[in-house]
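# A look at the structure
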Amino acid sequence: DELSMNKLSRPCRMMLLVNPQSGKGQALTLYNNHIQRMLSEAGIQHTLVITERQNHARELVREADLSQWDALVIMSGDGLLFEVINGLLERPDWEEAIQIPLGILPGGSGNALAASIHHYSGAPQVSSEELLVSCGFLMCKGLVSPMDLVCIHLSSCPRVFSFLSLAWGFVADVDIESEKYRHVGSARFTVCTLVRLASLRVYKGKLAYLPATDLPKHEEGLRNKKTLHCNNQPPTSVPGRPSTVSPRVNTFHNSCHSNNSLKVRKVESTPSRSTNISLTGPSDSLLPPLDQLLPSDWVVVQEEDFVLVLAMYQSHLGEDMMAAPGSTLDEGVIHLFYVRAGISRAALLKMFLAMEKGTHLANNCQHLVHAKVRAFRLEPYTPKGIITVDGEVVEYGPVQAEVHRGLARIITG
Ligand code: ADP
Ligand code: MG
């Protein structure tokens, strides 16, 4: 299958986006020490773009002349790739734009996709600079594979596309609270997990999902190729305005989450040409509007008290957290996990420790549930809380998601 796996051409013109603030603030040093020479020796011409602020990369790829580039590679954490993917899908030519090979070099504190790709390559789990160097070699090999993206609907934001995870409850809290421990790098998650265990909370809400049945691959492909407008959004046409205005709406609303004790990166809002939601990107065929009832083939989870809900579409949640060991790059499946309330602190700690090796599912924990799904909806009842998408805070409230198989392409080595 020519599209499912191919190779970067040589010479290769690569745009390498580096976030100098990511991780411990050492991404540029890491680039100079490890990556520059490696890429040059592999014959990869690359242009370094140093991001200056949040959303810089997103705006840049939204406007860029993509015919100038053979690959867009980011050296940062998962947050910067999130911007690049959403920037590409906000373009009027999104269908072609999202085909450009993407790449990720772990330079942040949350390097889950890099760790996942490294795992898919069959290499043993490593972290920090070892992971970076190993991912650098994979990058030089330049094999490109399709990667699933998940479209996420929030109640008052445009759709966003996610490549990694959606979290509510324990995992989301840890992800955001650990921001203040950034200086310790990826260890921030471990530190914060222990802190959170001491003050375990229960979150109330309703969870429902559409189970994954085995669909032939070509059928999935057809579904993703449809270019109808998203069917779940409020009317977007304004008289006299073309409906293809490129969206300028910032999609992160930090103001919506109300736990004042948490420090959340301030999100800058770009001037909005239109307050309408995005008309670009593939349509979602499985999701009714967020405020309407779900079809009868969806499963409604009976429990309403959770410690966490976690949707994963890659294997790793962090460099040393294999939260979804069964997940692959492009199977078109969301691995939905939830932990029911009533789990003991000891059992939860055991679960997180086992995640390092991905053995938590084999532990027979009665409170941990795993389902393979194509779509899900979560309606939090607990009035305050955090939802993260790919590790970044999004609007707190009802949320639903659908997987788009193999929508993006990523360098896997
Ligand atoms: P980390 O894993 O360390 O959090 P990320 O790649 O997730 O690294 O980056 C975190 C955030 O930093 C992203 O939301 C990104 O938009 C933002 N960002 C990118 N460039 C800059 C910059 N120059 N200064 C500050 N923030 C930036
Ligand atoms: Mg991040």
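Before reading on, note that the structure itself is shown above.
Residues numbered from 1 in each chain as written. Chains lettered and ligands numbered in written order. Predicted model: local features only at pLDDT ≥ 70, side-chain atom pairs only at ≥ 80, totals over all residues. Heavy atoms only, no water.

## Quick notes on the environment of Asn 33
Residue position: Asn 33 is located in helix α1 (residues 27-41). What makes Asn 33 exposed here is its relative accessible area of 56%. Spatially, the C-alpha atoms of Asn 33 and Val 133 are 10.0 Å apart, while their sequence positions differ by 100 residues. (Helix = DSSP H or I, 4+ residues; strand = E, 2+ residues; numbered from the N terminus. Buried < 20%, exposed > 50% of the residue type's maximum accessible area, 1.4 Å probe, protein only.)

## Some thoughts on the packing of aromatic side chains
Considering all chains together, one arrives at four aromatic pairs under this definition. Through successive ring pairs, a cluster of aromatic residues spans Trp 168, Tyr 203, Phe 306 and Tyr 338. (Phe/Tyr/Trp six-rings, centres within 6.5 Å; stacked < 30°, edge-to-face > 60°.)

## Things to note about the site of ligand 1
Looking at ligand 1, there are 22 residues lining it, with Gly 23, Thr 51, Ser 76, Gly 77 and Glu 83 nearest. Thr 51 is positioned such that a nitrogen or oxygen atom in its side chain is 2.6 Å from a nitrogen atom of ligand 1. In this structure, Arg 53 approaches ligand 1 through a main-chain N or O atom, which is 3.4 Å from a nitrogen atom. About the coverage of ligand 1: the protein hides 91% of its 570 Å² of free accessible area. Split by residue class, the shell around ligand 1 holds two nonpolar, twelve polar and eight charged. Of the domains in this structure, domain 1 (6-149) and domain 2 (154-226 + 262-406) are the two that each give at least three residues to the shell around ligand 1. (Near = heavy atom within 4 Å. Polar contact = N/O pair within 3.5 Å; in protein donor to acceptor, adjacent residues only side chain to side chain. Areas by Shrake-Rupley, 256 points an atom, 1.4 Å probe, with all protein chains shown as cover. Nonpolar A, V, L, I, M, F, W, Y, C, P; charged D, E, K, R; others polar. Domains from an automatic or database assignment.)

## A word on the packing of helix α5 (residues 112-120) against helix α6 (residues 128-141)
Running from N to C, α5 and α6 point in directions that differ by 60°, and their axes come no closer than 10 Å. Between α5 and α6 the crossing geometry is left-handed. Of α6, the residues touching α5 (which contributes Ala 114, Ala 115, Ile 117 and His 118) are Leu 131, Ser 134, Cys 135 and Leu 138. (Axes fitted to C-alpha atoms, helices over the stretch in contact; angles between N-to-C directions. Left-handed = near helix turned anticlockwise from the far one by under 90°. Contact = heavy atoms within 4.5 Å.)

## Some remarks on the packing of helix α8 (residues 187-198) against helix α10 (residues 345-355)
Packing of α8 against α10 brings their axes to within 10 Å, and their N-to-C directions diverge by 165°. Between α8 and α10, the angle falls in the class roughly antiparallel. Two packed elements cross with a definite hand, and for α8 against α10 that hand is right-handed. Residues Thr 193, Leu 194, Leu 197 and Ala 198 of α8 lie in contact with α10, whose contacting residues are Arg 345, Leu 348, Leu 349 and Phe 352. Here the residues of the contact of α8 with α10 sort into six nonpolar, one polar and one charged. (Parallel < 35°, antiparallel > 145°, perpendicular 65-115°, else oblique.)

## Considerations on the pairing of strand β12 (residues 334-340)
Across the seven residues that make up β12, a large majority, six, are buried. When strand β11 (residues 305-312) meets β12, the two strands line up antiparallel, connected through six bridges. Paired with Met 312 across the strands is His 335, a residue of β12. Here β12 pairs with strand β13 (residues 368-380) via six bridges, running antiparallel. From the neighbouring strand, Val 339 faces β13, where its bridge partner is Leu 368. (Pairing = 2+ DSSP bridges.)

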